[in-house]
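# Summary of the model geometry
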Amino acid sequence: MPFIKKDNKTMKLTILDGHGLNPGDLSWKAIKSLTDDFSVFERTPAELVAERIGNSEMILLNKVCITSEILEKCPNLKYIGVLATGFNVIDLQACRSRGITVTNIPSYSTDAVAQHVFAFILNFANSVQPHCDSVMAGDWIKAPDFCYWKNPLTELAGKTLGIFGFGHIGQKTAQIGHAFGMNVIIHVHSEKSFTGGEKTVSVEEIFAQSDFLTFHTPLTKETEKIINKKNLSLMKKTAIIINTARGGLVDEADMREALLSKTIAGYGTDVLLKEPMDKSCPLFGIPGCVITPHIAWAPKETRSRLMEIAAANIKAFLSGTPQNVVN
């Protein structure tokens, strides 16, 4: 039976790590209006999670881990809203056994992530930043010719764009690839048919044929470290890999070796195995590696959409008709 409380406005709602979603440029108004007992913590370390949840009946979080041990200490908890699509930080089985509803935010970042993929692709194809750095260092002032280039420049038209995983983001990325005149190939686990002209290929084929290979697949036993020495060895030496999905898709030591040995030309990633980056990360400072700090989802418009869906999720839960339930 759905959870319904007679006076929902008295339910206590605590946000455990609000800074990621709202560092100050958004308003919590839509969520705050749903309860008279509302509090936000910018960040919550692991040792304070249970204490800060306290007697809360509802919590929102992004990367804070909720374990069975924490749930034992928080018997009032009835609702957990994850402020992201991924929900691997939650012990779903423990929540299910306690009757706690868990929701996520699906399909809010499709446009933003696909855009970030092409920010990486164009960064490698056009070398905008290296050339800007060169100009600002005075190189153009000293140049004997009206133009020069520090790195090879690449036209995307006619190049092969491989898309590993073909959900909403993968399909949006394909649309943009087609607009650039790219040949789009995909690898999917399902037997779905697609109408955009994409060719379905095997794992080996997508590594071997792609000029640019971008990943949009969940992290599973099958996809963990799918970007490894064996598959990297199949690629063109001019190939570029883009990862805006999960850091665990990559064997970072193998990627380091591939870049240093020039097995492939470049790796652009918005995600790492450990976040924030650890100083021992194998990819730190490696030539040919472009890393952004998990920001593909972070345009203001995208986060505003996430906030709206989070509020709608809470409202649906309070009305007894929860939506986007993952457990």
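Above: the structure in question.
This write-up is about the structure you can find in this document.

Of the two faces of strand β9 (residues 212-215), both are covered, the one formed by Phe212 and Thr214 as well as the one formed by Leu213 and Phe215. When strand β6 (residues 160-164) meets β9, the two strands line up parallel, connected through 4 bridges. Paired with Gly162 across the two strands is Leu213, which belongs to β9. Here β9 pairs with strand β10 (residues 240-243) via 4 bridges, running parallel. Pairing of Phe215 across the sheet is with Asn243, part of β10.

The next point concerns the sheet that holds strand β4 (residues 79-82). Overall, parallel pairing links the 5 strands, which are arranged β2-β1-β3-β4-β5 in an open sheet. Every other strand in the sheet has two partners, leaving β2 (37-40) and β5 (101-103) as the edge strands with one partner each. Strand-to-strand twist across the sheet, computed as the mean angle between neighbouring axes with direction ignored, equals 15°. Where helix α12 (residues 300-318) meets the sheet, its contacts fall on β1 (12-15), β3 (58-61), β4 and β5, and the angle it forms with β3 comes to roughly 160°.

For residues besides glycine, phi is generally negative; the peptide bonds are generally trans as well. Between Glu275 and the following residue, Pro276, the backbone shows a cis peptide bond with an omega angle of 0°. Note that Pro276 resides in the loop between β11 (266-269) and β12 (289-291). With a phi angle near 55°, Ser107 is a residue other than glycine that sits in the positive phi range. Relative to the elements of secondary structure, Ser107 occurs in the loop between β5 and α5 (110-126). Even without being a glycine, His294 presents a positive backbone phi close to 55°. Tracing the chain through its elements places His294 in the loop between β12 and α12. Since its relative accessible area comes to 25%, His294 is described here as partly exposed.

In this model α12 runs 27 Å from its N-terminal to its C-terminal C-alpha over 19 residues, within 8% of the 27 Å that 1.5 Å per residue would give. Among all positions in α12, only Thr302, Arg303, Leu306, Met307, Ile309, Ala310, Ala311, Asn313, Ile314, Ala316, Phe317 and Leu318 are buried. Turning to α12, the residues buried within the fold contact β1, α1 (29-32), β3, β4, β5 and α5.

Counting 27 residues, the largest nonpolar core has Phe207, Phe215, Ile227, Ile241 and Met255 as its most contacted members. Sorting the residues of this core by element identifies α9 (203-209), β9 and α11 (252-260) as the ones contributing at least two each. Residues in contact with Phe215, not counting those within four places in the same chain, are Phe164, Phe207, Ile226, Ile227, Ile241, Ile242, Asn243, Thr244, Ala245 and Leu249. The next biggest cluster of nonpolar side chains, apart from the first, holds 24 residues, and it includes Met11, Leu21, Tyr108 and Met307.

Further remarks concern the sheet that holds β9. The strand order β8-β7-β6-β9-β10-β11-β12 describes an open sheet built from 7 strands, whose pairing is parallel. Across the chains shown, the open sheet's two edge strands, defined by having one partner strand only, are β8 (199-200) and β12. Judged from the 4 bridges that link them, β10 and β11 form a sheet pairing that is parallel. Considered in β11, the bridge of Ile242 is made with Gly268.

The subject of this paragraph is the side chain of Thr217. Residue placement: Thr217 occurs in the loop between β9 and α10 (229-232). Non-local contacts of Thr217, meaning those with residues more than four positions away in its chain, are made with Phe164, Gly165, Thr223, Ala245 and Leu249.

Turning next to the pattern of salt bridges. Summed over all chains, the structure comprises 7 salt bridges. Among the ionic pairs, Asp25 bridges to Arg303, the shortest N-O distance being 2.5 Å. Separated by 278 residues along the polypeptide, Asp25 in the loop between β1 and α1 and Arg303 in helix α12 bring together distant segments of the chain. Among the residues examined, Asp25 registers a relative accessible area of 34% and is labelled partly exposed.

A separate point is a nonpolar patch on the surface. On the surface, a cluster of nonpolar side chains totalling about 350 Å² of accessible area is made up of Val135, Met136 and Trp140. Following the sequence through the fold, Val135 ends up in helix α6 (residues 128-136). The class of Val135 is partly exposed, set by a relative accessible area of 33%.

Calculation rules
Residues numbered from 1 in each chain as written. Predicted model: local features only at pLDDT ≥ 70, side-chain atom pairs only at ≥ 80, totals over all residues. Heavy atoms only, no water. Buried < 20%, exposed > 50% of the residue type's maximum accessible area, 1.4 Å probe, protein only. Helix = DSSP H or I, 4+ residues; strand = E, 2+ residues; numbered from the N terminus. Pairing = 2+ DSSP bridges. Axes fitted to C-alpha atoms, helices over the stretch in contact; angles between N-to-C directions. Contact = heavy atoms within 4.5 Å. Expected span 1.5 Å × (residues − 1). Core = buried A, V, L, I, M, F, W, Y, C linked by side-chain atoms within 4.5 Å. Salt bridge = Lys/Arg side-chain N within 4 Å of Asp/Glu carboxyl O. Patch = residues over 30% accessible without salt bridge, like charges linked within 9 Å, V, L, I, M, F, W, Y side chains within 5 Å. Areas by Shrake-Rupley, 256 points an atom, 1.4 Å probe, with all protein chains shown as cover.

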